[in-house]
Amino acid sequence: MNNMIDIISEKFMKAFEEAGYDSKLGKVVISNRPDLCQYQCNGAMAGAKMYKKAPFMIADEVVEKVANDEDFASVESVKPGFININVSDKFLANYVNEMKDADKFGFEAGENQTVMVDYGGANVAKPLHVGHLRPAVIGEAIKRIKLFAGNKVIGDVHLGDWGLQMGLIITELKERKPDLVYFDENYEGEYPTEAPFTISELEEIYPTASAKSKEDEAYLEKAHDATLKLQQKYPPYMAIFNHIMNVSVEDLKKNYGNLNVTFDLWKGESDAEPYIPGLIQDLVDKGLAYESEGALVVDIAKEDDKKEYPPCIVRKSDGASLYATSDLGTIVEREKDYNPDQYIYVADKRQSLHFLQVFRVAKKAGIVSEDTKLDYLGFGTVNGLDGKPFKTRDGGTMKLSVLIKEIEDAVYEKMKQTRDISEEELRSTSKIVGLAALKYGDLSNQIGKDYIFDIDKFASFEGNTGPYILYTIVRIKSILEKFKNEFDGNIDSLDIVATPEGEQNNLMLQITKFSDVIKSVCEDLEPHKLCTYIYELSNEFNRFYHGTKILGEEDETKKNSYIALINLVKNVLETSIDILGFSAPDRM
């Protein structure tokens, strides 16, 4: 199903061609003056230079070619050469009916590629904190958007599970529980299946060990030794590593689940380790890696660069690998297992140089083909009302679970004051609405920008917020439920009829933008555009709702048309919020 704007553009491209001008001039856009018209074509302005002719003369000729097209209510040439376009009520109603009955509301996906989305980036043995909110929420939305567009999408959490942090945990565990069999060099039996620590203990062990290592050189040396033994696959330490992973991943799945975020792969940096020796050797054999001040580096500079970029270090002077090496090893593994057409990394915007280096080395070394798309989405920080990174009241880093609870409580208090429902329903509904408030509050901002986390604003049922979107959906559900009590049939079978009513037409026009928005969001990887769309759609519905007697309409044909229309609005909104990663309750 073609987009509305493409259908109109085709008509004007043909009109320009018939008038003797380049058909490309017929591209139509949504009007930036909706008070004057619905769509506009500015091709005559560009054509004036090409054909050395007054733009209004070109516009007049083109308008004459479409003068008898019944799909337009009006087409007007306006000096100095703009073309203002309004579609007919019948054309609009027919298009929306076609949307209503089409799969994905007429959106034609057609991408059909394999896309790897790397997001989450949690470290094992540490609780999720507020800094993990954005990669989880943005990454999940990007994954769902790409899925909706017809791709095979693989989401990988890419855990931080290797390096010194593991050595620190093992060292601290040995100091606390030296009698464990893992530290008995003479032990030859099987290692326990149950971990010697809980997640709470594990989350306390790492920061303690990290603090000690900064003050005690001997302790740090022990941690380095433990790390080396682990990297050499020393069996007792590998057993501890597996315990750390099992306990951490179980807890992470629960906490990510509270955000309605899931992953297809629970891989980590450790999974890239087997690929690193071969990667390094390949870079050396191809003459790309060379020694510089004891380290092994790869140049990434290009002739057309406008600034200097440092080489990518793939092995330090002490023989250790770095994050770049790990990420390149991970790409080698992913190419072997999945051969993606596109990689999308969701990470802090301060890592832009890192990903530039990794991407250029991957292309330069032929790890990925030249056609493979490598995209990095750098996100801004979540700040408090003071404009500084969001903290707890005592200045510490806030756990993500605490942040979720705070916004749920804020929604609960707002609903408690105005809703007469049971405590159990109030609590369950607050969780659904709180998640929408949290996710929409994040996703409605451009990814690369910092934003202020304002709980009162995000939890509000008015304005550009998640609860407002949900309330709109619930309002429609309520109307439909009342209609079903008097209607003996399938609501989905009802048709939308053409009317000259402004509120209905404006609502239908907003619905027709769905495919264009999804296409733009998918290509540009910008979920905030979908948030803007559903906010505007919600506003148009509420204007329609307040200006129209829906259930009170005496004309059955018109009433059925209204019901068919708002049912479509509900379906489009519910599909959109599902793409964004949250859902609506049945009532609020």
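This text goes with the structure placed above it.
Since we're looking at a predicted model, the values are computed, not measured. Each residue is numbered by its place in its chain's sequence as written, counting from 1. With pLDDT at 70 or above as the cut-off, local features in this predicted model cover only qualifying residues; side-chain atom pairs require 80 or more to be listed or tallied, and sums for whole chains, interfaces and linings still use all residues. Excluded from the side-chain calculations are hydrogens and water; all other atoms, namely the structure's heavy atoms, are used.

Chemist: What is the right way to read the nonpolar core from this model?
Modeler: Soluble globular proteins: nonpolar side chains tend toward being buried together. To form a nonpolar core, buried Ala, Val, Leu, Ile, Met, Phe, Trp, Tyr and Cys residues must be joined to one another through side-chain atoms within 4.5 Å. Each residue's exposure class comes from its accessible area (1.4 Å probe, protein chains only) as a fraction of the maximum for that residue type: buried when under 20%, exposed when over 50%, partly exposed otherwise. Core analysis: the biggest nonpolar cluster contains 158 residues, and Phe12, Ile83 and Phe453 have the highest contact counts within it. In DSSP terms, a helix is any run of H or I states spanning at least four residues, a strand is any run of E spanning at least two, and both are numbered starting from the N terminus. Take this core: its biggest share by element is 12 residues, from helix H20 (residues 556-580). Counting 29 residues, the second-largest nonpolar core is a separate cluster that includes Ile276, Leu279, Ala324 and Ala365.

Chemist: I tried to follow the environment of Arg350 on my own but got confused; where do I start?
Modeler: For Arg350, the position within the fold is in the loop between strand E10 (342-348) and helix H12 (352-364). Since its relative accessible area comes to 66%, Arg350 is described here as exposed. Placed 28 residues apart in sequence, Arg350 and Gly378 show a C-alpha to C-alpha distance of 7.3 Å. Whether two residues are in contact is decided by their heavy atoms, any of which lying within 4.5 Å being enough. If we skip the residues at most four places from it in the chain, Arg350 touches Tyr376 and Thr381. Within the structure, the side chain of Arg350 is placed 2.6 Å from the side chain of Asp348, a separation counted as a polar contact. In protein, a polar contact requires one atom able to donate a hydrogen and another able to accept it; more generally it is a pair of N or O atoms within 3.5 Å, and residues adjacent in sequence count only if both atoms are side-chain atoms.

Chemist: Would you take a moment to explain empty space enclosed by the protein for this structure?
Modeler: If you roll a probe as big as a water molecule over the atoms, it shows you where there is empty space left. Think of a 1 Å grid over the protein atoms and nothing else: a 1.4 Å probe that fits but is trapped marks a cavity, an open set flanked by protein within 12 Å on at least five of seven lines marks a pocket, and residues with an atom within 4 Å of a point count as lining. Grid points are joined across faces, edges and corners, and a volume is the space filled by probe spheres set on the points. For the structure shown, the criterion picks out one cavity of 30 Å³ or more. Of the voids in this model, the largest cavity is the one considered here, and its volume is about 40 Å³. Per-element accounting of the lining of the largest cavity gives the leading share, three residues, to helix H11 (residues 323-337). Any residue that is not Ala, Val, Leu, Ile, Met, Phe, Trp, Tyr, Cys, Pro, Asp, Glu, Lys or Arg is counted as polar, Gly included; the first ten are nonpolar and the last four charged. Class assignment of the residues belonging to the lining of the largest cavity gives a composition of two nonpolar, no polar and five charged.

Chemist: I tried to follow unusual backbone geometry on my own but got confused; where do I start?
Modeler: Negative phi is the rule for most residues except glycine; trans is the rule for most peptide bonds. The amide bond that connects Lys79 to the next residue, Pro80, takes the cis arrangement and shows omega of 10°. You can see Pro80 is positioned in the loop between strand E3 (72-78) and strand E4 (82-87). Its identity as a non-glycine residue notwithstanding, Lys52 has a phi of 50°, on the positive side. Residue placement: Lys52 occurs in the loop between helix H2 (43-51) and helix H3 (55-65). Even without being glycine, Glu293 reaches a positive phi, approximately 55°. With respect to the secondary-structure elements, Glu293 resides in the loop between strand E7 (289-292) and strand E8 (295-298).

Chemist: What am I meant to see in the sheet that holds strand E2 (residues 39-41) here?
Modeler: The strands that make up a sheet are held in pairs by hydrogen bonds between backbone atoms, and each pair lies either parallel or antiparallel. As summarised here, the arrangement of the four strands in space is E1-E2-E4-E3, forming an open sheet in which the pairing is antiparallel. Two strands in the sheet have a free side with no partner beyond their single neighbour: strand E1 (28-30) and E3. Strand-to-strand, the axes of this sheet are offset by a mean angle of 25°, without reference to chain direction. The criterion for strand pairing is that DSSP finds at least two bridges linking the strands in question. Direction of pairing for E3 relative to E4: antiparallel, over a ladder of six bridges. Pairing of Ser77 across the sheet is with Ile83, part of E4. Inter-axis angles, ranging from 0 to 180 degrees, are taken between N-to-C directions of lines fitted to C-alpha atoms, where helices are fitted over the stretch in contact.

Chemist: What should I look at first to understand the layout of surface pockets in this one?
Modeler: Considering only enclosed or pocket space, the second largest pocket measures out at about 440 Å³ in volume. At the level of elements, helix H1 (4-18), helix H17 (502-511) and helix H19 (528-547) are the ones that each hand at least two residues to the lining of the second largest pocket. Along the lines of polarity and charge, the residues of the lining of the second largest pocket split into seven nonpolar, eight polar and five charged.

Chemist: I'm lost on the pairing of E10 in this one. Help?
Modeler: Regular strands have side chains that alternate between both faces of the sheet. Most of E10 sits out of view: seven of its seven residues are buried. The pairing of strand E5 (residues 114-118) with E10 spans four bridges and is parallel. In the sheet register, Val117 faces E10, and the bridge partner there is Ile344. In this sheet, strand E11 (residues 373-379) lies alongside E10 in parallel orientation, the contact comprising seven bridges.

Chemist: Would you mind going over the environment of Ala289 with me for this structure?
Modeler: Examined against the element boundaries, Ala289 turns out to sit in strand E7. Given the relative accessible area of 10%, Ala289 is considered buried. For the pair Ala289 and Cys312, spaced 23 residues apart in sequence, the C-alpha separation works out to 9.2 Å. Among residues more than four places away in sequence, those in contact with Ala289 are Leu283, Val284, Leu296, Val297 and Val298.

Chemist: Mind showing me how you'd approach H11 here?
Modeler: Since the α-helix turns once every 3.6 residues, residues separated by three or four places project in the same direction. Expected helix span is computed as 1.5 Å times (number of residues minus one). Its 15 residues give H11 an end-to-end C-alpha distance of 21 Å, which sits within 8% of 21 Å, the value for a rise of 1.5 Å per residue. Of all 15 residues that make up H11, 11 are buried, and the element is covered over most of its length. Among the residues making up H11, those that are buried are Ala324, Thr325, Ser326, Asp327, Leu328, Gly329, Thr330, Ile331, Glu333, Arg334 and Glu335. Residues of H11 that are buried in the fold lie against E5, strand E6 (152-156), helix H10 (276-285), strand E9 (312-315), E10 and H12. Immediately downstream of H11, the backbone of Asn339 shows phi near 45°, a positive value.

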